[in-house]
Amino acid sequence: MVKLILGHKGSGKTKKLIDLVNAAVEASNGNVVCVEKEPLLTLDITHRARLTATDDYKVSGYDAFYGFLAGICARDHDITDIFVDATLRIGGRDYEKLADFIEKIAELSKITEHDITLTVSADKEEIPARAFEFCEVL
């Protein structure tokens, strides 16, 4: 399942994500992964979660980002949850491409049985309605 945490900068999205990551680690019988653009959450996320930064791998744009997430899923079948902070900063501010990306990762989530949660710095009204066919808003 894909879940979105929506809101503009300063609305508490990252704090909510941190709380969800740390709670998932406690509840998971597998591995929890947190993806961010640059390494900022090291002190906030429990060391038991796998933290990775897309900037370390020169990931930018939604196609590269999808490949990055698919690679994470392919490498580790024990993952239960993937959390992503700063989705628009990694993929770009094109909301139509974001909707396409959400559709693709919803399929990835179904195939791999991983829950994927994204923070998106936008209001619900800014995102194309079709995106919400594939995700849940937290």
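See the structure above.
Residues numbered from 1 in each chain as written. Predicted model: local features only at pLDDT ≥ 70, side-chain atom pairs only at ≥ 80, totals over all residues. Heavy atoms only, no water.

### A look at the overall build of the protein chain
Right, so step 1: Secondary structure summary: the protein chain contains four helices and six strands in total.
Right, so step 2: Starting at the N terminus and ending at the C terminus, the protein chain contains elements arranged as β-α-β-β-α-β-α-α-β-β.
Right, so step 3: For the protein chain, the spread of C-alpha atoms along the three principal axes comes to 35 × 35 × 30 Å.
Right, so step 4: In the protein chain, which comprises 138 residues, the proportion classed as buried is 46%.
Right, so step 5: The long-range share in the protein chain, meaning contacts at least 24 apart out of those at least 6 apart in sequence, stands at 71%.
Right, so step 6: For the protein chain, the computed accessible surface area is about 7,200 Å², with 50% contributed by carbon and sulfur atoms.
Right, so step 7: Within the protein chain, one finds 17 positive and 24 negative side-chain charges whose respective centroids are separated by 3 Å. (Helix = DSSP H or I, 4+ residues; strand = E, 2+ residues; numbered from the N terminus. Buried < 20%, exposed > 50% of the residue type's maximum accessible area, 1.4 Å probe, protein only. Contact = heavy atoms within 4.5 Å. Areas by Shrake-Rupley, 256 points an atom, 1.4 Å probe, with all protein chains shown as cover. Lys, Arg positive; Asp, Glu negative; His and termini not counted. Charge placed at Lys NZ, Arg CZ, Asp CG, Glu CD.)

### Considering the environment of Ala53
Right, so step 1: Structurally, Ala53 can be placed in strand E3 (residues 50–53).
Right, so step 2: Considered as a pair, Ala53 and Glu38 are 15 residues apart in the sequence and their alpha carbons are 4.9 Å apart.
Right, so step 3: Ignoring any residue separated from it by four or fewer positions in sequence, one finds Ala53 in contact with Glu36, Lys37, Glu38 and Pro39.

### Some thoughts on the packing of aromatic side chains
Right, so step 1: Here the structure, examined in full by the defined rule, presents three aromatic pairs.
Right, so step 2: Ring geometry for Tyr62 against Phe101: centres 5.1 Å apart, planes inclined by 40°, an arrangement best described as tilted. Within this pair, whereas Tyr62 is found in helix H2 (residues 62–75), its partner Phe101 is found in helix H4 (residues 95–112), the two being separated by 39 residues in sequence. In this structure, Tyr62 and Phe101 share a single accessibility class: buried.
Right, so step 3: Ring plane angle 15° and centroid distance 5.0 Å describe the contact between Phe65 and Phe101, whose orientation is recorded as stacked. With Phe65 in helix H2 and Phe101 in helix H4, this pair connects stretches of sequence that are 36 residues apart.
Right, so step 4: Judged by its relative accessible area of 0%, Phe65 is buried.
Right, so step 5: Among the aromatic residues, ring-to-ring pairing joins Tyr62, Phe65 and Phe101 into one connected group.
Right, so step 6: Above the face of the Phe132 ring, Lys124 is positioned so that its terminal group lies 5.2 Å from the ring centre. (Phe/Tyr/Trp six-rings, centres within 6.5 Å; stacked < 30°, edge-to-face > 60°. Lys NZ or Arg CZ within 6 Å of the ring centre and 35° of its normal.)

All we've got here are geometric facts, nothing functional implied.
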